[in-house]
Amino acid sequence: MNDRVPSLRILVAAAGMALAALSSPAQAFADDDARKAILDLRQQIQQMRQISENSRMQLADQIQSLQQQVTELRNQLEQAMHQAVPRAPANGSQSDTGGATAADPQEQSTYDGAIDRFRNGQYKEAAEALTAFLALYPNSQLAPTAQFYLGSSRYATKDYKGAIDQLQTMVKNAPDNARAADALLVIAGSQIELNNRAGAKATLQRIVKDYPSTPAADTAKNRLQLLQ
């Protein structure tokens, strides 16, 4: 769009010169030729203005389309996150952690308390509680799942870079964890929020490739279609 502005200015200047020529004692052109040149210049100026207006409208449409895509992807991600929350507080978080439980009752209680905060939408408090849990029990069998919910909590509080860092560590350390594919979904969502569409596509493609039989893979396929 910037390269059109100088052209428009040049056309306006040329029109001014042609008008001046009509009143100059030493006319460079015959009157008819000068008038024709002015009319041609006016037409070109009008065309340039129309092109500029069309470009602005196209850009506005593209921005609106991208905003709609981001909103839809965000809604899908939040839905996936809530579906991943433990559903059975009566028996702890056993089903969510693939059967893993802590041998130490205090360790289990600390983990369950943090997950309760996440379940209740207290994401800031959940992030603090999960950070404390991982500091106290870095080698816990529950650590990978705690890392997943810590990353998800950071996403929910709009700390997208923190979410990516936490969840990438989780997937690297526990690629076979039940929440690894969901962690990648949250990473992709965070990348979209940071306007890293290329990174999001690569992450979604990784889910489809590495975790093809998971619900996350179906979600990833749908999101890839939206990002085309």
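Residues numbered from 1 in each chain as written. Predicted model: local features only at pLDDT ≥ 70, side-chain atom pairs only at ≥ 80, totals over all residues. Heavy atoms only, no water.

**Student:** Looking at this model, I keep getting lost on helix α3 (residues 105-119). Mind explaining?
**Tutor:** Given 3.6 residues per helical turn, the α-helix brings residues three or four places apart onto the same face. The terminal C-alpha atoms of α3 lie 21 Å apart, and with 15 residues this matches the ideal 21 Å at 1.5 Å per residue to within 8%. Within α3, burial applies to Glu-107, Gln-108, Tyr-111, Ala-114, Ile-115 and Phe-118. Projected onto a plane normal to the axis of α3, the buried residues spread over an arc of 130 degrees and lie on a single side. Measuring from the backbone nitrogen of Gln-106 back to the side-chain oxygen at the start of α3 gives 3.0 Å, which picks out Asp-104 as the cap. Backbone geometry just after α3 places Gly-121 at a positive phi near 80 degrees. (Helix = DSSP H or I, 4+ residues; strand = E, 2+ residues; numbered from the N terminus. Expected span 1.5 Å × (residues − 1). Buried < 20%, exposed > 50% of the residue type's maximum accessible area, 1.4 Å probe, protein only. Arc of directions from axis to C-beta. Polar contact = N/O pair within 3.5 Å; in protein donor to acceptor, adjacent residues only side chain to side chain.)

**Student:** Just to check I follow, could you spell out unusual backbone geometry for this structure?
**Tutor:** With the exception of glycine, the majority of residues adopt a negative phi angle, and the majority of peptide bonds are in the trans configuration. Positive phi, close to 70 degrees, is recorded for Lys-158, a residue that is not glycine. Structurally, Lys-158 is set in the loop between α5 (143-156) and α6 (160-173).

**Student:** Explain the pattern of salt bridges here, please?
**Tutor:** Pairing is possible between side chains that carry opposite charge, provided their charged atoms lie close to one another. Applying the stated rule across the entire model yields four salt bridges. Residue Asp-210 is joined to Arg-206 by a salt bridge in which the shortest nitrogen-to-oxygen separation is 3.5 Å. Pair noted here: Asp-210 and Arg-206 are both in helix α8 (residues 197-210), with a separation of four residues, about one helical turn. Note that Asp-210 is salt-bridged to Lys-209, the shortest N-O span being 3.6 Å. Sharing partners across several salt bridges, the network here consists of Arg-206, Lys-209 and Asp-210. (Salt bridge = Lys/Arg side-chain N within 4 Å of Asp/Glu carboxyl O.)

**Student:** Would you take a moment to explain the side chain of Gln-191 for this structure?
**Tutor:** Take Gln-191: it is sitting in helix α7 (residues 180-193). Sequence-distant contacts of Gln-191, defined by excluding residues within four places in its chain, comprise Ile-164, Asn-196, Gly-199, Ala-200 and Thr-203. (Contact = heavy atoms within 4.5 Å.)

**Student:** Help me out: how do you make sense of α7 in this one?
**Tutor:** For α7, with 14 residues, the first-to-last C-alpha span of 20 Å sits near the 20 Å given by 1.5 Å per residue. Burial analysis of α7 places 13 of its 14 residues in the buried class, which makes it a mostly covered element. With its phi angle positive at about 65 degrees, Asn-195 sits one or two positions after the end of α7.

**Student:** Honestly, the UniProt feature "repeat: TPR" (unreviewed entry) in the protein chain in this entry has me stumped. Any pointers?
**Tutor:** As recorded in UniProt, the sites labelled "repeat: TPR" (unreviewed entry) are residues 144-177. The span residues 144-177 shows a helical share of 79% and a strand share of 0%, and its end C-alpha atoms are spaced 7 Å apart. (UniProt positions renumbered as here; feature names shortened; annotations may be inferred.)

**Student:** Would you mind going over the packing of α3 against helix α4 (residues 123-136) with me for this structure?
**Tutor:** Packed helices, taken two at a time, are described by their axes: the angle between them and the distance between them. Relative to each other, α3 and α4 sit at 160 degrees, their axes nearing to 7 Å. By the angle between their axes, α3 is roughly antiparallel relative to α4. Relative to α4, the crossing made by α3 is left-handed. Contacts between α3 and α4 pair Glu-107, Thr-110, Tyr-111, Ala-114, Ile-115, Arg-117 and Phe-118 from the former with Tyr-123, Glu-125, Ala-126, Ala-129, Leu-130 and Phe-133 from the latter. The residue makeup of the contact of α3 with α4, split by class, is nine nonpolar, one polar and three charged. (Axes fitted to C-alpha atoms, helices over the stretch in contact; angles between N-to-C directions. Parallel < 35°, antiparallel > 145°, perpendicular 65-115°, else oblique. Left-handed = near helix turned anticlockwise from the far one by under 90°. Nonpolar A, V, L, I, M, F, W, Y, C, P; charged D, E, K, R; others polar.)

**Student:** I keep staring at the side chain of Ser-190 and nothing clicks. Help me out?
**Tutor:** As for its position among the elements, Ser-190 is in helix α7. Residue classification places Ser-190 among the buried positions, given a relative accessible area of 0%. Discounting residues that sit within four places of it in the chain, Ser-190 has contacts with Tyr-155, Tyr-160, Ala-163 and Ile-164.

**Student:** What is the right way to look at the nonpolar core in this model?
**Tutor:** Soluble globular proteins: nonpolar side chains tend toward being buried together. In terms of nonpolar packing, the biggest core is built from 45 residues, with Tyr-111, Leu-130, Phe-133, Phe-148, Tyr-149, Leu-204 and Ile-207 touching the most fellow members. The set of elements that each furnish at least two residues to this core consists of α3, α4, α5, α6, α7, α8 and α9 (215-226). When residues of this core are assigned to their parent elements, the largest contribution, nine residues, is made by α7. Those residues within four positions of Leu-204 in sequence are excluded, and the remaining contacts are Leu-185, Ala-188, Ala-220, Arg-223, Leu-224 and Leu-227. (Core = buried A, V, L, I, M, F, W, Y, C linked by side-chain atoms within 4.5 Å.)

**Student:** Just to check I follow, could you spell out the packing of α4 against α5 for this structure?
**Tutor:** Relative to each other, α4 and α5 sit at 150 degrees, their axes nearing to 9 Å. The orientation of α4 with respect to α5, classified from their angle, is roughly antiparallel. In terms of crossing hand, the pair formed by α4 and α5 is left-handed. Across the interface between the two elements, Tyr-123, Ala-126, Ala-127, Leu-130, Thr-131, Phe-133 and Leu-134 from α4 touch Ala-143, Ala-146, Gln-147, Tyr-149, Leu-150, Ser-153, Arg-154 and Ala-156 from α5. Taken together, the residues that form the contact of α4 with α5 break down as 11 nonpolar, three polar and one charged.

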